[in-house]
Amino acid sequence: MNPKSSQNNMPRNVVILATIVTILLAMFRLVLFLILVWIAAIVFIIVYQYRSTRTSKGNFVCLDCATLHQDSACPKCGSRLKKIYSQSDKYGI
């Protein structure tokens, strides 16, 4: 006597193998996604640092004659009274 078998019966090994392959591919995609996120974050940090150093060069404004300079003393009047100046300063000199 033969036991009845259904038409859509798959061997257990094939199901286990397909599950393992699916899990491995999902993990590979996750690792690849995490690597891409880290690369994007590092690129963003590098670009942000580059832009912040280019815009803030350490300019000073002389409080006596309002001359922009990068020296410790004003080249025009020789005064050491100065204020840090940035182009994004909304209050002006």
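Residues numbered from 1 in each chain as written. Predicted model: local features only at pLDDT ≥ 70, side-chain atom pairs only at ≥ 80, totals over all residues. Heavy atoms only, no water.

Participant: Please clarify how the overall build of the protein chain should be interpreted in this entry.
Facilitator: The helix and strand tally for the protein chain stands at one helix and three strands. Helices and strands in the protein chain line up, N terminus first, as α-β-β-β. Across the 93 residues that make up the protein chain, the buried fraction comes to 8%. Long-range pairs, those at least 24 residues apart, make up 15% of the contacts in the protein chain between residues at least 6 apart in sequence. (Helix = DSSP H or I, 4+ residues; strand = E, 2+ residues; numbered from the N terminus. Buried < 20%, exposed > 50% of the residue type's maximum accessible area, 1.4 Å probe, protein only. Contact = heavy atoms within 4.5 Å.)

Participant: Please explain the environment of Ile 84 as it appears in this structure.
Facilitator: Here Ile 84 lies in strand 3 (residues 82-85). In this structure Ile 84 comes out as exposed when scored by relative accessible area, which is 63%. If sequence neighbours within four positions are ignored, Ile 84 has contacts with Asn 59 and Phe 60.

Participant: Looking at this model, I keep getting lost on the packing of aromatic side chains. Mind explaining?
Facilitator: Aromatic ring pairs are described here by two measures, namely the spacing of the ring centres and the angle between the planes. One pass over the full model with this rule turns up one aromatic pair. The interplanar angle of 20° and the centroid separation of 6.4 Å between the aromatic rings of Phe 44 and Tyr 48 together place this pair among those described as stacked. Of the two residues, Phe 44 and Tyr 48 both sit in helix 1 (residues 12-55), four residues apart, roughly one turn of that helix. The same class applies to Phe 44 and to Tyr 48, which are both exposed. (Phe/Tyr/Trp six-rings, centres within 6.5 Å; stacked < 30°, edge-to-face > 60°.)

Participant: Any chance you could explain the confidence of the model for the protein chain here in plain terms?
Facilitator: Detailed reading of the predicted coordinates is not advisable wherever pLDDT falls low. When pLDDT is averaged along the protein chain, the result is 78; 72% of the residues meet or exceed 70. Across the protein chain, helix 1 holds the top mean pLDDT of 86, while strand 3 sits lowest at 72. (pLDDT = per-residue confidence, 0-100.)

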